[in-house]
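Here is how the chains run, residue by residue.
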Amino acid sequence: MSNTENSALIALSELKNLEAARVAEVESEKRAKEDAERRAREEAERKARELAERKAREEAERIAKETAEREAREREERLRLQEADLRARAEQEARLKEEQMKLDAQVKMAEKKARPVLLYGVLGVLVLGLGGGGYWIYDYTQKQEEAQRIAAIEQKKKDDADAEARAALLKELTSLREEQNKIKSQKDEIENQLKNVQDETERQKLLAEKAALDAQLAANEDKQKKNKGKSSGSKPSGDGEPKSEKPKGGISVSKNVDDPLDGL
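Since this is a predicted model, take the numbers as computed values, not measurements.

Scanning the protein chain for helices and strands turns up three helices and two strands. Tracing the protein chain from N to C terminus, the helices and strands come up as α-α-α-β-β. Looking at the protein chain as a whole, 19% of its 264 residues are labelled buried. Expressed as a percentage of contacts within the protein chain between residues at least 6 apart in sequence, the contacts between residues at least 24 apart total 71%. Total accessible area computed for the protein chain in this model is approximately 19,100 Å², and 55% of it derives from carbon and sulfur atoms.

As structure tokens, then:
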């Protein structure tokens, strides 16, 4: 009788050990699966974060490039206007000298004949006329240059304001996407817990948390749609190439109509 009881106890102990080993193996597999899922979520979050950072970096580089190109165009336009002004002045001075030489020659010839008073009067009128014409050209050129400078300043203010608005919108969209990825990860974790939960109270608690995350996710998506709507609403019409408007006087003012958030 004693041997039978000992054998039964030994068998029972072995069964317990086997059950404990099986439970440990199941727990180990479960932990390994959870670790793999967690690593996959972390990898997805990392890739999403890197993508958002890359887009933000590319947008900043594009804005900097556009700013540099616009400033280069403005410098070239200022130099062109200055060169045109210098050429106009030089041509005017050359014409004045030429007319003066002609008048001097005529005066000398007139002096040889009789030095008539009328010739001196004509000389004075021509000098005054040429001087007035030179002043008018100079004044007109100065006014055109000032108008160009003011237009360039106003355009730069507008471009800077647009760039700041685009940067702020891009930053908010990036933040919303990071928040969206975080909410999705939390939701996936709750769904995995729901698969294994046994207690009904715990199950209801998890369902409530999942519903709250769904609401947050919907609100996040709504905000992203609104921000994308702002971006689409700010897009100018046309083919996206810089356009030029010509105010009075024939001076061109370049406008860049590229959409900074195109494709977001």
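The next subject is the layout of surface pockets. In this structure, the second largest pocket occupies an estimated 360 Å³ of space. Along the wall of the second largest pocket there are 13 residues; nearest its centre are Glu 34, Glu 37, Asn 192, Gln 193 and Asn 196. Tallying contributions element by element places helix H1 (residues 2-113) first for the lining of the second largest pocket, with seven residues. Considered class by class, the residues forming the lining of the second largest pocket number one nonpolar, three polar and nine charged.

Attention now goes to the nonpolar core. Ranked by size, the top nonpolar core spans seven residues in total: Ile 183, Ile 190, Leu 194, Val 197, Leu 206, Leu 213 and Leu 217. Those elements giving two or more residues to this core turn out to be helix H2 (117-196) and helix H3 (200-233).

With that settled, consider a negative patch on the surface. A surface patch of like charges, here negative, comprises Asp 199, Glu 200, Glu 202 and Glu 209. With respect to the element layout, Glu 202 can be found in helix H3. With relative accessibility at 34%, the residue Glu 202 sits in the partly exposed group.

Our focus in this paragraph is the pattern of salt bridges. Throughout the structure, instances matching the rule amount to 20 salt bridges. Where Glu 66 meets Arg 62, a salt bridge forms, and the shortest distance between an N and an O atom there is 2.1 Å. Here Glu 66 and its partner Arg 62 are both found in helix H1, four residues apart, which amounts to about one turn of the helix. Residue Asp 160 is joined to Arg 70 by a salt bridge in which the shortest nitrogen-to-oxygen separation is 3.9 Å. Taken as a pair, Asp 160 in helix H2 and Arg 70 in helix H1 lie far apart in primary sequence, 90 residues in all. The buried category is assigned to Arg 70, whose relative accessible area is 10%. Each member of the salt-bridge network shares a partner with another, and the members are Arg 70, Lys 156, Asp 159 and Asp 160.

Looking now at the side chain of Gln 224. Along the chain, Gln 224 falls in helix H3. Judged by relative accessible area, Gln 224 falls into the buried class, the value being 7%. A distance of 3.4 Å separates the side chain of Gln 224 from the side chain of Gln 180, its partner in a polar contact. Within the structure, the side chain of Gln 224 is placed 2.8 Å from the side chain of Asn 220, a separation counted as a polar contact. Ignoring any residue separated from it by four or fewer positions in sequence, one finds Gln 224 in contact with Leu 173, Leu 176, Arg 177 and Gln 180.

Scoring rules and cut-offs
- Residues numbered from 1 in each chain as written.
- Predicted model: local features only at pLDDT ≥ 70, side-chain atom pairs only at ≥ 80, totals over all residues.
- Heavy atoms only, no water.
- Helix = DSSP H or I, 4+ residues; strand = E, 2+ residues; numbered from the N terminus.
- Buried < 20%, exposed > 50% of the residue type's maximum accessible area, 1.4 Å probe, protein only.
- Contact = heavy atoms within 4.5 Å.
- Areas by Shrake-Rupley, 256 points an atom, 1.4 Å probe, with all protein chains shown as cover.
- 1 Å grid on protein atoms, 1.4 Å probe; cavity = no way out; pocket = protein on both sides within 12 Å on 5 of 7 lines; lining within 4 Å.
- Points joined across faces, edges and corners; volume = space filled by probe spheres on them.
- Nonpolar A, V, L, I, M, F, W, Y, C, P; charged D, E, K, R; others polar.
- Core = buried A, V, L, I, M, F, W, Y, C linked by side-chain atoms within 4.5 Å.
- Patch = residues over 30% accessible without salt bridge, like charges linked within 9 Å, V, L, I, M, F, W, Y side chains within 5 Å.
- Salt bridge = Lys/Arg side-chain N within 4 Å of Asp/Glu carboxyl O.
- Lys, Arg positive; Asp, Glu negative; His and termini not counted.
- Charge placed at Lys NZ, Arg CZ, Asp CG, Glu CD.
- Polar contact = N/O pair within 3.5 Å; in protein donor to acceptor, adjacent residues only side chain to side chain.

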